Structure formats: C-alpha cells, structure tokens
Amino acid sequence: MSKATNYTVEQIAEIVGGEGYFHDRTAAVKSLVTDSRTLSDSPHALFFAIKAQRDGHQFISSAYQNGIRNFVFSNEMDIENYPEANWIKVDDVLLALQKLASHHRKIHRLDVIGITGSNGKTIVKEWLYQLLSTDYHVVRSPKSYNSQIGVPLSIWQINEHHNLGIFEAGVSAPNEMEKLAKIIQPTIGVLTNIREAHDEGFENKAAKLKEKLKLFSEVDTFIYAPEHIVAEVPLPGKKHFTWSFIGKADLQIVDVQFKGTTAEIKAIYKDEGTSVTVPFSDAAAVENIVICWATLLSMGYKVDEVASRLSRLLRVGMRLQLLNAIDHCSLIDDSYSADISSLGIALDFLNQQNQHPKRTLVLSDLQETGKTAAELYKEISLLLKQKKIHRLIGVGENISAHAHLFNLEKFFFEDTEDFLSHVAQLNFNNETILVKGARRFGFERIIKRLEQKVHDTVLEVNLNSLLSNLQFYKSKLAAGVKTMAMVKAFSYGSGSFEIANLLQYHKVDYLAVAYADEGIALRKAGITLPIMVMSPEPSAFDAMLRYKLEPEIYSLEVLQSLLHFLPTDALDFPIHLKLDTGMHRLGFELEQISELTSLLSVHQQLKVVSVFTHLVAADDEQHDDFTETQVAIFSEMYKKLTDALGYEPLKHVLNTSGITRWQKYHFDMVRIGIGLYGFDAALPHNEGLQTVAALKTTVSQIKTLAAKETVGYGRKGSLPDGGKIATVKIGYADGYSRAFGNGIGKMLINGKLAPTVGSICMDMCMLDVTDIEVEVGDEVIVFGQNPSIVDLAAEINTIPYEILTNVSQRVKRVYYYE
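Right, let's walk through the structure included here.

Thresholds applied
- Residues numbered from 1 in each chain as written.
- Predicted model: local features only at pLDDT ≥ 70, side-chain atom pairs only at ≥ 80, totals over all residues.
- Heavy atoms only, no water.
- Helix = DSSP H or I, 4+ residues; strand = E, 2+ residues; numbered from the N terminus.
- Rg over C-alpha atoms; globule rule 2.2 N^0.38 Å.
- Buried < 20%, exposed > 50% of the residue type's maximum accessible area, 1.4 Å probe, protein only.
- Contact = heavy atoms within 4.5 Å.
- Areas by Shrake-Rupley, 256 points an atom, 1.4 Å probe, with all protein chains shown as cover.
- Lys, Arg positive; Asp, Glu negative; His and termini not counted.
- Charge placed at Lys NZ, Arg CZ, Asp CG, Glu CD.
- Pairing = 2+ DSSP bridges.
- Core = buried A, V, L, I, M, F, W, Y, C linked by side-chain atoms within 4.5 Å.
- Expected span 1.5 Å × (residues − 1).

Digging into the overall build of the chain
- Of the regular secondary structure elements, the chain holds 25 helices and 39 strands.
- Taking 28 Å as the expected radius of gyration for a compact globule of 818 residues, we find that the chain reaches 29 Å, a close match to that expectation.
- Along the three orthogonal principal directions, the C-alpha set of the chain runs to about 90 × 85 × 65 Å.
- The 818 residues of the chain split such that 55% are buried.
- A fraction of 65% describes how many contacts in the chain between residues 6 or more apart in sequence connect residues 24 or more apart.
- Of the roughly 34900 Å² that the chain leaves accessible, carbon and sulfur atoms contribute 48%.
- With 82 positive and 99 negative side-chain charges, the chain shows a spacing of 3 Å between the two charge centroids.

Observations concerning the pairing of strand β15 (residues 272-278)
- Both strand β14 (residues 262-269) and β15 contribute to a ladder of seven bridges, which runs antiparallel. Its bridge partner lying in β15, alanine 263 is registered against valine 278.

Points about the environment of isoleucine 593
- Checked against the element boundaries, isoleucine 593 lands in helix α21 (residues 593-602).
- Accessibility expressed as a relative area gives 2% for isoleucine 593, which makes it buried.
- Separated by 51 residues in the primary sequence, isoleucine 593 and alanine 644 have C-alpha atoms spaced 9.9 Å apart.
- Look past the residues within four positions of isoleucine 593 in its chain and what remains in contact with it is Leu579, Met637, Lys640 and Leu641.

Some words on the pairing of strand β39 (residues 812-817)
- Most of β39 sits inside the fold, with six of its six residues counted as buried.
- Residues Lys812, Val814 and Tyr816 line one face of β39 and the alternating positions Arg813, Tyr815 and Tyr817 line the opposite face, and both faces are buried.
- Where strand β16 (residues 320-325) meets β39, three bridges bridge the pair, whose relative direction is antiparallel. Residue pairing for β39: leucine 322 is matched across the bridge by tyrosine 815.
- By the bridge criterion, five bridges tie strand β22 (residues 458-462) to β39 in an arrangement that is parallel. Residue valine 458 lies in a different strand from β39, and its bridge partner there is lysine 812.

Thoughts on the nonpolar core
- Core analysis: the largest hydrophobic core is formed by 125 residues, its most contacted members being Ile380, Leu503, Leu511, Leu577 and Phe783.
- Setting aside anything within four residues of it in sequence, one finds leucine 577 in contact with Ile553, Phe588, Leu596, Leu600, Val608, Ser610, Val611, Phe612 and Leu641.
- In terms of nonpolar packing, the next biggest core, distinct from the first, is built from 42 residues, Ile113, Ile166, Ala225 and Ile265 among them.

Some details on the side chain of glutamine 252
- With respect to the element layout, glutamine 252 can be found in strand β13 (residues 251-259).
- Setting aside anything within four residues of it in sequence, one finds glutamine 252 in contact with Ser244, Gly247, Lys266, Ala267 and Ile268.

Some remarks on helix α8 (residues 283-298)
- Between its terminal C-alpha atoms α8 stretches 23 Å, which fits the 22 Å expected from 16 residues at 1.5 Å a residue.
- With 13 of 16 residues buried, α8 lies mostly within the body of the structure.
- Backbone geometry just after α8 places glycine 300 at a positive phi near 95°.

As for helix α4 (residues 121-132)
- Look at α4: 16 Å from first C-alpha to last across twelve residues, which is about the 16 Å you get at 1.5 Å a residue.
- Counting buried residues in α4 gives ten out of twelve residues, a clear majority hidden from the surface.
- Within the sequence span of α4, burial applies to Lys121, Thr122, Ile123, Val124, Lys125, Glu126, Trp127, Leu128, Leu131 and Leu132.
- For α4, the elements touching its buried residues are β7 (111-116), β8 (138-140), β9 (164-168), α8 and α9 (303-311).

Below, the structure written as structure tokens:
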C-alpha cells in the first residue's frame, strides 16, 4: 500500500483513460492498494484488481467488506452488488496503475536517482538515503519495491515536500524496463553491476545489460563501472561518472585492506590519492560503498565530506526476523528502521502471525518528511486500529507527547533505558511482539532482553524464498487447480506454525500433516485452513472432531473405526481416501473398492472431499510407463467411487516432482512438499527454486596440534603433519549425523570448506582449519547455498529430506522476511 497527495476518483479515471461508474465522483483517493489483506485508511484507498499469480478480481468482495469503496477493474462483474462503491473500468489494470504513477511523477519536479543492476540495489538505495537525508527531503522505495507493481506504489509516495527521490528498478525478462523508466523518470542513473541474477530470463548478459540501460535513457548523469558494460552498446546520459576496481576510472580503486570488522578502501580521484575507512568487512559491502562514494562525488560533494559520511554508514536491516521470546511469546525484530512505509509492511507481517491471541507493538519516535508530528502520529494511530493491534508501547519523547491520539492499551517511556528498567512490569505473556525502532534508540537491547535464550546453533529460514518456491509451482498450474502444502514433520524441520501462517496468508487451499497432534498444534496457533491428517490413529478421532481435522482413510479397518466412533447424527464429516496404485505402502486396492463404496453408501456421516494416490517415481523418466499405469489404475478406481457416491470429490495424484513433469495430471489439486524448501528431484540443479534453510553455528575454540596428536573420542582423528582445529557448536544431538565424522562432512568458514576431524560428538565437532584464517566466534555454515543439503546428502548416501528433518528441536529457528 502507498500514500500520496489527494486526487478524486473522477480525476484518476481521466488520468488512466478508464470508464467511470461513480457513487461519489468527488471521493478523495490517498492510498493505492493491490492486496486486500494489507489495508489502512480504507475509505481513501483505491484497489487495483491486478491479474498476477492470482486474479485481483477474486478479492474485490473482501476489499469491499474491509471498507474500500474505490476500485479499478477490467473483468465483467455485477457492480450493483456494491452500492456504495466507485468503479473505474480499464482494459489493463496493471497498466492503469503505471499510468497513474507516471502522471504523479510528472507533476512533481524533483531530482531522482534511479538504481538498477543484478545485485546490491536495495543496499545502495538505503545507504544513499543515509548519506543524503541530512541535505534533502528524500522519498525512497520501501524495502525492495522494484517490480512492475512495486515501482508505481513507491512513486505514489512523492509529495510536494520531497526534493530528492531514490528508487530501485528490477527486471527479470525483456521489455519490462521501459515501463519502469517512464514511471521513475530518473535524472541520475546508477548501475550497480551485471552478474548472474535473473540470467534465465535473458538470452545472454549483453541482452540483460541492454534491458537494464533502458532505465537511464533520459538521465543527466550515468554512474557505472566499465567492467560491467559487457557488450558494445551506446551508453546513456549527458555525463558519465565511472568507478572501477580493475582499471582507469573517475574513481579508481587501487587497494582494499580488511582489518577485523572494518575495511580501508584506497582510490585515485582527480589524479590524487584518497581513502575511506568503513565499518564493513565483506567484498559485497565494499562494492556497494564504492557505488555510493561515486554517486556523491558525481553530485559535487567534497572528498573529505564523503569520506566522513561513509565512515558512519550503518548496516541495513533488510529482513524481519521472527524469533521465540520469553514467556511463551513470539518476537519480530525490525529494530533498525523506522518510517511509516516500513511500519505498514512490518504490521502486515505481524498480522500473518496467528499463534498468539494478542499483538503488541514496541515503537520508537518516527519522522516523516512533510508531516507534522501530530499528523504523523494520528496516521499511525489509525494504522494500528485498522491492523487490530492490541497494545502499543511507545519509546521516545515525541510519541509519548502524542499518547492521547492512541485509543488502545498503551504504555510510554522516555527512552530505551526507561523501557528496560520497567520491562518486568509490562507482563509479556502469550503474545506476538513487533519491535520497530529508529537506530538511535538501540532497540537491539530490547530484542536481547525479550528473546528466549537458547543454543547458539540456528536454522535460518528465509520466508521470502519459501514464498518464491510456492509461486514457482503455482505458476505451473492451470486456473482452478488447488494446492495442498505438506507441513508434516515440523514442516520438514523448518518450523510448524511459522510456515503454516505464511502458507495460509498466501492462499494455499489445504495443509497436510502426518499426525493429529501436529494438526492440533496448528489449530491452537490460529490456522484455519482445512488440514488433512495422513496417519490418523483411532485414539485421536475425538480430538480430530473437536479441532476440525480431516483424516486420510487408507484401509477398511480405519474406516470402520471412524464409523464406530462418529455419532449417528453426524453429517458430512470430511475424509480423504488414499488409493494404492503401486506404492504398496498404504491405501485401498482395486479389489476393495466395492466393499468401500458399500460402506460409504450405507453411512451418511461421511463426506469424501478428496481421493488421491501416491506416485512411486514421478521424477524418474525410466519409470514413466509405470507412472502412466498408476494414473490409469487411479482413474479406474476413481470412476467406480464417483459412480457409487453420486458426486466427484477432488482428485490428486502429483507430489512436488510430478508437478513439473506431469502437467496433464494436475487434475483438481497438487501436493507441494519438499519443493517448498528448494528441492525437486525432477529439476536439474533445482533450477527455478531458491534455498530456504541455512544451518549455522559458531567456532568455540581453536587449537594447534602437533604431528600425530589425535582428536576426539577413540583417537580417531588426527592431522598427520599437525595444524589447526576449530571446535564448533554442533553435534549429533543437533541432528548432524555421526556419519559426517572423520573428514566425510565439510562446513564453510570464511568462504572455505573445512573437513571434520575425528568423531562427531553429541554437542560439538572439530574441523581442520589449518589453511583458513579463523577466529573464535566466526560463523560456520553447516548447510545453505554452499555446502547445500544436496551436497550433505550425497556425502552420507541419503536424501535431502533426511538431512532437513534431522535438525533437532533444540536448534533455534530464526525466520527472515523481507
């Protein structure tokens, strides 16, 4: 959602070239909305029913119920069912949004920095904001709003008080950037780099470069590195400013020295040596800093002033973290930024969490260009009411001075120290707590106080990557095909309600768990989706009835047990029938269908909501004939069932691998399992999927060994020529198998793989770091991008499922959401 100065709905209809049907043609529009779940200021919002992965027209009714009265649409629909609404009909809703944003940009005369490239766009944007906001009233893209939808929403934030915009643009296919260029209309262009990201959408890197350069066709100044101009193309811009690590440039980097947590960058500028020391020590950060350095120099800033500002750069908090907290609470860490746009995003993430009945916001003073403090906090008060926040804890003089504007349970403190001294009196218990504050308030101390103290080893779960994988599979489905997400085994080890909340928010149709207690835990955490229980035990039927769980029925014995349990007056209790077409594990076989249909026809307590089977080798081409046989048997059994039942339940046969290989068998629903976590045996190198989970630990101690000294139990480890070992905080009690011992397993430390030495212990293991620069406390990656779960599985001759599900519950799960 995005906000701007007022337009009337009639004026917008004229701007976008739409046909208006008005209840009130003078209705004021301040906010643009593309998601019916992320609403604030509903009476002044305009909903765009965009056709993307889901058709926005399906959510018009929900948006209307939530108070929105202004709509842009393209489908034929019965608008008379919404008597108080204003309507703008267009041929293309997304194009209408872009036209409106382009118009809004044109009427505001300000300099705009446009940023694109393969990597670093958001970091560069946020650092430029830090560097320039003392001199300008800056408006910028929220988070990484750089898409065909995100860019218009970003531009809509511009108001008459802003005199500098900083917006990023991202493309993943040809013919996208020209639209974004018309909306952003940059005067200064920044190309970060050209690398592998989104290569799959372009013929080659040259084609990708040409597409990205379209953003800068009208800029006054173009800032770039010659090494990233990977093709002979005309360069845009009336003026050019170059930077380079490898050759001559306006800003020529000649040396980078990493010293602990800092880096000294030496350069030549205007034939003179200069340098900056920055509080970062990784190569990606250094490149992004050089881009910012070049941008400020191109804008006329003095060398010494730029160096001073760069030395004070703060790390960008790119992701929300979801953590376990004290007293049965959940904690969302957004403690490094504080503006109203990012507050709205964080509150939407808070609203996805259903595991606790109460939502609390800890919020510092905010600042917003062009608004008085009273206007700002009145707007925040309205936002909290619309997002159904139960309690506000304000920290800072400004928010405390406006306490009267907030009509909810509230507490206010002068500063972070004041809050910490009274935290025990706030009685946190069974609630979700969002902590959001400007950097100067040091809210990381609040996070440290509220976070549950657990084992240092963590499993990081990237919720954006999981969502990307979900959308990848949804994009393969025809309209109307439903999705069942498998969240059994603690969501393959990744977490239970945390994953289920995200899946529910993004409209999967069904969840599936292995046992009733998993489903009960999800219900207690606020999950309302239908849940199928794959291994229902008769002893759990009572609980399944109370918690509205739907059993998978795979045998006559289980069916008879359920019928015996159900009250005679029960009606349409939902069940799912499992058919055995070749797996020979669970399920009804063909010769049992007659007896099954007889039982179902006699007893009216049951409603068969789906019928399914499990394919043995949907991922393996050499077994395709057997797959076809299985589907044929399933179709025969399904017909016998539906003939007897008199209705057609949902039918589904495909798991993760089958979705990509067998599109003709998508039927009514598909089941997505390990694919959500980035693994699909049918896809070479898991192409198109993103890594979701990373298991990380730290170095506890470093020892130097002489030749022939041994390591660990049984003296099984040694370094024949001597060397260094690092003891790290992970063992078989954390799920790191003993099979990884004695050099079989490898972990990544400071960019290099280190093999295990000796046996894996219960709580720790040892690595050979003889040739690696390493210190106590350094991060150790057990699996992630490199080494991947696939790599680990290959090392001990198992499958990725086992590696992921073996991560024990004592390992802290940290959930990231951008």
